[in-house]
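# Structural description and commentary
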Amino acid sequence: KNPEFLSSPVTITTRLGYRTLEDAAKETTENASASANGEAATGKNPAMMLKGDVSLAEGDEDKPTSYHVPGNVVHNISSDYVRQAVESSPLLELQEMENVKLVFLLHNPEAQVVELLKEDPGATPEERHEFVKERWTPAMETLEEYAVANNVFSFGVVSNGLGIPERNNHPMHLDASLVIEASKKYDHFSTVELPANLLETYGWEMARKIKSEAPSVNISAMRPLTCYPDLGTGSGFPFRLVDYALPILEDETIGVFEDDTASIGAGKGFRYTNDMTGIPAIYQMALQAAMSHFDAQELLEIKQERDLTMEERETLDGCKLMQSMIHDLDNQLENVRSFAAHEDELYGRIIPLIYDTFELMDDKTSDLLQAYFAAYAVAVRYAIAKKTREVLKKGEKGSNTGATYPDIPQKMLLQEYALRHMLAAKCFDRIVIGASTMQDFQHQTHLIEKISRDDSPLDVIAAMKSSEEEKEAAKKDKEKEAK
């Protein structure tokens, strides 16, 4: 309700479908407490299963029938649940704003197929799609009722399944024809949101199909900068199509952007990964400091003169373990693909290992490890960006699409290259880009504004690539002359 937005058109989308079950023990405790105080137990605790809830946690991990979700998450698109979710939504308070449009999206309706597969694991694609249609029809009729009564209200579907190729025969595949049929049946069906990016290109095909047969539907591309090696169907960790702005040391001056054709600058004290020629110096210094700290040289010298005490032996073993771990982490940089995977290993394996190894840790060691892991995160981002650029240019074994982009200019940020292709596709009405901080938001806004000033987003790519090739050719000619 900020006054700045009162005169601006704003579209707010929200998703309906998934909900989290709280601990059942908490519900029991709360109801017992209410009874003791002479109050009626509400029975509204989310731990209670509702009509229409579908549990997604069951099934074979090697052949999952649904998307990977925590065990306490269920999926529900029943008419009753949708009605409850809409009526309790704080977004309804914004209806009084003149230029606000509210769009309620059924989130991954294809997840309902899990219920069918429990009874019939061999259900055909046609049977699965008919089941989804049967499940979402009451929900859409309920949403249509709300939309008829309120002209700022519309609805649609956000589906990861629309981005899964039909040829994969994955149970979560959702046929675009179902969405097209729904858009023609319901007057207020306004929006379809699906995944699409440089490597998950099936979403582009589906967007074009939907647009050609249902031109009134707004199509939004989600995850334009985030890829899943398993198309988001399993527990594979995502990786991002971005170059990162990383901290640099004061004496690192080589490679700063020199002209307007280069991408947006990273700012003082930072440099983007596409403009770096090697592993960040800040990590190399932290690595050397950590390896030196855990070399246990003093204990090794003492061991030459006398037997170590039990405490000294434990410390020596701990130092050997830490050096081995740091060495392994350094070697892993060559193959790291995902920052999410790095964080999963850090918090799930490495930090618990350190706590198990050292009962007590002095301040110097603690500070050094914090500095090392902060620098290692910088190196991980550099390695990921470098590997991602290589995969985009040359492709990778086992790729779902085989799509390659050998024309990526080195001076162009990966996110700019990706978004230029998204805008050039002309099959999306909106592109949904995630931003976890205000700095991210401002950068993405600046980037889109920069791209939007060009008549043809892809012409800039061609011109920049041509310029780089000419400079490289001239450089080689000079080297030949020198020889």
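If you're wondering where the values come from, they're calculated on a predicted model, not measured in any experiment.

### Remarks on the packing of aromatic side chains
- Overall, the coordinates contain 9 aromatic pairs when judged by the stated rule.
- With a centroid separation of 6.0 Å and an interplanar angle of 65°, the aromatic rings of phenylalanine 155 and tyrosine 186 are classed as edge-to-face. Here tyrosine 186 lies in the loop between helix H5 (176-185) and strand S7 (189-195) and phenylalanine 155 lies in strand S6 (residues 153-158), a separation of 31 residues in the sequence.
- Between tyrosine 405 and tyrosine 417 the ring centres are 6.0 Å apart and the planes differ by 80°, which places this aromatic pair in the edge-to-face class. One end of the pair, tyrosine 405, is in the loop between helix H11 (363-394) and helix H12 (414-425); the other, tyrosine 417, is in helix H12, and 12 residues separate them in sequence.
- A cation sits over an aromatic face here: arginine 337 above phenylalanine 239, 4.5 Å from the ring centre.

### Focus on a negative patch on the surface
- A contiguous patch of negative charge on the surface is contributed by Glu119, Asp120, Glu126, Glu127 and Glu166.
- Assignment of secondary structure puts aspartate 120 in the loop between helix H3 (113-119) and helix H4 (125-149).

### Focus on the pairing of strand S8 (residues 218-222)
- The element S8 is extensively covered by neighbouring structure, given that 4 of its 5 residues are classed as buried.
- Pairing geometry for S7 and S8, over 5 bridges, is parallel. Bridge pairing in S8 places threonine 191 opposite asparagine 218.
- With helix H6 (residues 202-213) bridging S7 and its parallel neighbour S8, the resulting β-α-β unit is right-handed.
- Of the pairings in the sheet, the one linking S8 to strand S13 (residues 430-432) comprises 3 bridges and is parallel in character. What sits directly across from alanine 221, in S13, is isoleucine 431.

Cut-offs applied
Residues numbered from 1 in each chain as written. Predicted model: local features only at pLDDT ≥ 70, side-chain atom pairs only at ≥ 80, totals over all residues. Heavy atoms only, no water. Phe/Tyr/Trp six-rings, centres within 6.5 Å; stacked < 30°, edge-to-face > 60°. Helix = DSSP H or I, 4+ residues; strand = E, 2+ residues; numbered from the N terminus. Lys NZ or Arg CZ within 6 Å of the ring centre and 35° of its normal. Patch = residues over 30% accessible without salt bridge, like charges linked within 9 Å, V, L, I, M, F, W, Y side chains within 5 Å. Areas by Shrake-Rupley, 256 points an atom, 1.4 Å probe, with all protein chains shown as cover. Salt bridge = Lys/Arg side-chain N within 4 Å of Asp/Glu carboxyl O. Lys, Arg positive; Asp, Glu negative; His and termini not counted. Charge placed at Lys NZ, Arg CZ, Asp CG, Glu CD. Buried < 20%, exposed > 50% of the residue type's maximum accessible area, 1.4 Å probe, protein only. Pairing = 2+ DSSP bridges. Right-handed = clockwise from strand over helix to strand, strands pointing away.

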